[in-house]
Every structure is written in C-alpha cells, then in structure tokens.
Amino acid sequence: MYADLHLHTNFSDGTYSPEELVAQAARNSLSAMALTDHDTVEGCARTSEACRTAGIEFIVGTELTAEQDENEIHILGYLIDLENPRFRTEISRFQQVRQNRIHEMAARLNAIGISLTAEDVFALANCRSPGRPHVARALVKAGFCSSLDQAFERFLKKNRPAWVPKFKMSAAIAIELIHHAGGVAVMAHPGLNRTDDVIPGMVEAGLDGIECFHTKHSTHMTEHYLELAEQHGLLVTGGSDCHGLSKGKPLIGTIRVPYEYVERLKARAASRRAAPKAPAADFAAP
Ligand SMILES: [Zn+2]
Ligand SMILES: [Zn+2]
C-alpha cells in the first residue's frame, strides 16, 4: 500500500480538478492521498468525496507559506479540523493577502503598459488562493508572453517589474495554527531550501515532521533528511508535489510513500487531539 501526501488541484496552482486528480491517483494504484493546496483547504470536500467513490483514503491537508530566518518555508498541515473557527479565519486572511498581491502585480504591469487586470487573473484562477503562476497563465492567454517561463523571466521573478514581495507568517505561527486545529505540521521539501539551519528553530516551535521523499530530492538528499528526521525525532512524509499539467508531465505516481508513514501521521494527530484540554472529559466520566 502506497500514498502520495503532497498534491495540488486547481483550487490553488494545480491544473487538475479534484475529480481528475483522484482519477490519476486511482490509475497509479494509490491507497491514500493528501490534498495540500497552497493556503487553502477549499478543494478538500470535493477531493474527499471523489476519494470515497474511488476507494482511496483521503487525508485532509494544506501547504502554508511561511518564513523562518528570512527564508520562505512551506509547511504542510495534515489532518486539521476544517471546521476550526480560528483556522478558517486565518486562512481566509491569507487568501485576502494573496488577492491583494494580484491587484498590486496588475497595477505594476499596467504601469509598464501591459493592460492585464486583476480580474483577468481571478477569472482564470477561479480559486481563492491565486498566485504568480496564475498571473503567468493570464499573461500567456492575453498574448503578452509566449510561455509561462517567459512571463516569469520578464515580469514575475524576484526583482522583475511586476514582482511583489509575498507576505509570510512566521513558521512558528503556522505550526501553532496547524496544532490549534488538531493537525500535524510537516516541513515541505527541505531540499529546495538553501539551508538546513532553519530546521532546529522549527523543531523548537513544535514541528512534527519533514518531507523526506519529494520529486526534487535526489537519493542523497532523501537519505540526508531521513537521517535528520531520526536525529530530531521527526515524522517522515513524502509526496510528488504534482501540479497537474502546469509543469509539463504530471508528477503523481513518481513518489510512492509506504503506508506505514501514513499510519504514523494519523497516530500523531490522534494523540494530539487526545492530549490537550482533557479535564472536562475526566470530570464528565461517571
Ligand atoms: Zn511547496
Ligand atoms: Zn506543493
């Protein structure tokens, strides 16, 4: 039994709908899958439903954008309670920040004579969590660029004319928020960061795990992070980080994580939910 614990749909910057993604998971014989769209959990209900029909175990998830020591860090939040009021409030705040950023990017494009509107981007993104890939697609669609790469190269990369710095919460706050909602916090693709120096600080902030298996990790990197996980007593996860067809070939199926890692993840979430705020239950017992 295998799982993929890092997947995106068109509720963030992936191209697959939840149903298409689940169909791909079924084609790849996955037993379990997590949806980890950026700063949103909007796609979870439909993905969960499609998984139920396909006989695949669904793991609720999200990928929060955060910051540790001035490095952008992605933190995967698994098995969070989607009804948690504070989590819902915070996530809609991040989405608002993302939408404001699109407005600002459009304004900067307009200032250099590119007549793209934020509404063009929103219409194409059709989700609450729009980002630069959607702006790139809108630029290509409107004929301002011939490819997504060109759109990034000319306008959207750091320090290019339409680049707008991204607001990021601190990693400690992201971890605390995930825990508050009963979830498990895992650092995504550590091999894509320039440094491991950020890890001890995050462990201190309560990080539960690191994503050791990832499409962009070499065998050497994977071994390194497995070792690091053991050193720090962290859970191990992994996933393909499939964005559908947006980056060429779909990646789903390239990373197959043994199901035992899913079991450990679930055990951690269960113990987290059982441990805190228990006194009321103790006294309620006859
Ligand atoms: Zn990421
Ligand atoms: Zn991702």
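Residues numbered from 1 in each chain as written. Chains lettered and ligands numbered in written order. Predicted model: local features only at pLDDT ≥ 70, side-chain atom pairs only at ≥ 80, totals over all residues. Heavy atoms only, no water.

Right, let's talk about the nonpolar core for a bit. Membership of the largest hydrophobic core comes to 48 residues, with the highest contact counts inside it found for M33, I75, M187, M202 and I210. Of the residues forming this core, the biggest block, 5 residues, is contributed by helix α7 (residues 171–180). Ignoring any residue separated from it by four or fewer positions in sequence, one finds I75 in contact with T62, E63, L64, A66, A171, A174, I175, I178, A185, V186 and M202. Counting residues in each nonpolar core, the second largest holds 18 residues, with L116, V135, A138 and L156 among its members. (Core = buried A, V, L, I, M, F, W, Y, C linked by side-chain atoms within 4.5 Å. Buried < 20%, exposed > 50% of the residue type's maximum accessible area, 1.4 Å probe, protein only. Helix = DSSP H or I, 4+ residues; strand = E, 2+ residues; numbered from the N terminus. Contact = heavy atoms within 4.5 Å.)

A few words on the sheet that holds strand β2 (residues 32–34). One open sheet accounts for 4 strands, arranged β3-β2-β1-β10; its pairing is mixed. Each edge of the sheet is formed by a strand with only one pairing partner; in this case those strands are β3 (57–59) and β10 (257–258). The sheet strands contacting helix α2 (residues 44–54) are β2 and β3, and the helix crosses β3 at an angle near 165°. (Pairing = 2+ DSSP bridges. Axes fitted to C-alpha atoms, helices over the stretch in contact; angles between N-to-C directions.)

What follows covers the coordination of the zinc ion (ligand 1). Taken together, E63 (OE), H74 (ND1) and H189 (NE2) make up the protein donors of the zinc ion (ligand 1), found 2.1 to 2.2 Å from the metal. Along the chain, the residues that donate to the zinc ion (ligand 1) are spaced as E-x10-H-x114-H. A spacing of 3.6 Å is found between the zinc ion (ligand 1) and the zinc ion (ligand 2), which share E63 as a donor. Of the two residues, H74 is situated in strand β5 (residues 71–78) and H189 in the loop between β7 (184–187) and α8 (198–204); the sequence distance between them amounts to 115 residues. (Donors = N, O, S within 2.8 Å, 3.2 Å for Na, K, Ca; no water.)

Attention now moves to helix α6 (residues 148–156). For α6, the set of buried residues is A151, F155 and L156. Down the axis of α6, the buried set is contained in an arc of 60°. They therefore lie on one face. (Arc of directions from axis to C-beta.)

Glancing now at the state of the cysteines. Across all of its chains, the model carries 0 disulfides by this definition. Take C242: it sits in no disulfide, and the sulfur closest to it among the cysteines is that of C51, at 14 Å. C242 gets classed as buried once you look at its relative accessible area, which sits at 0%. (Disulfide = S-S within 2.5 Å.)

A separate point is the coordination of the zinc ion (ligand 2). Listed as protein donors to the zinc ion (ligand 2) are H6 (NE2), H8 (NE2), E63 (OE) and D241 (OD); their distances from the metal cover 2.0 to 2.2 Å. Every donor counted, the 4 donor atoms about the zinc ion (ligand 2) form angles of 79 to 169° at the centre, which fits irregular coordination. Between consecutive donor residues of the zinc ion (ligand 2), the sequence gaps follow H-x1-H-x54-E-x177-D. (Tetrahedral: all angles 85-135°; square planar, octahedral: opposite > 155°, others 65-115°.)

Positive phi is not limited to glycine here, since E70 has a value of about 65°. Tracing the sequence through the fold places E70 in the loop between β4 (61–68) and β5. In this structure, L79 is a non-glycine residue whose phi angle is positive, near 60°. For L79, the location among the structural elements is in the loop between β5 and α3 (85–111).

Once that is clear, we can look at the pattern of salt bridges. The full count for this structure, using the stated rule, is 15 salt bridges. A salt bridge links R108 to E104; the nearest nitrogen and oxygen atoms lie 2.9 Å apart. Of the two residues, R108 and E104 are both situated in helix α3; the distance of 4 residues between them amounts to about one turn of the helix. Judged by its relative accessible area of 37%, E104 is partly exposed. For K157, the salt bridge identified is with E153, shortest N-O distance 3.2 Å. (Salt bridge = Lys/Arg side-chain N within 4 Å of Asp/Glu carboxyl O.)

An α-helical turn contains 3.6 residues, so a residue and the one three or four places further along point in the same direction. The terminal C-alpha atoms of helix α10 (residues 259–274), which comprises 16 residues, lie 23 Å apart, in line with the 22 Å expected from a rise of 1.5 Å per residue. Those residues of α10 that fall on the buried side of the exposure criterion are Y259, Y261, V262, L265 and A269. In a view along the axis of α10, the buried residues occupy a sector of 155°, so they form one face of it. (Expected span 1.5 Å × (residues − 1).)

What follows is about the sheet that holds β7. Pairing in this open sheet of 6 strands is mixed, and the strands run β6-β4-β5-β7-β8-β9 from one edge to the other. On the outer flanks of this sheet lie β6 (169–170) and β9 (235–239), each paired with one strand and no other. With 8 bridges connecting them, β4 and β5 associate as antiparallel partners. If you follow G61 over to β5, its bridge partner there is Y78.

Two numbers describe how helix α4 (residues 118–125) lies on helix α5 (residues 132–141): the axes approach to 9 Å, and their chain directions differ by 105°. Judged by the angle between their axes, α4 and α5 are roughly perpendicular. Where α4 approaches α5, its residues V121, L124 and A125 are matched on the opposing element by H134, V135, R137, A138 and K141. In terms of residue class, the contact of α4 with α5 is made up of 5 nonpolar, 1 polar and 2 charged. (Parallel < 35°, antiparallel > 145°, perpendicular 65-115°, else oblique. Nonpolar A, V, L, I, M, F, W, Y, C, P; charged D, E, K, R; others polar.)

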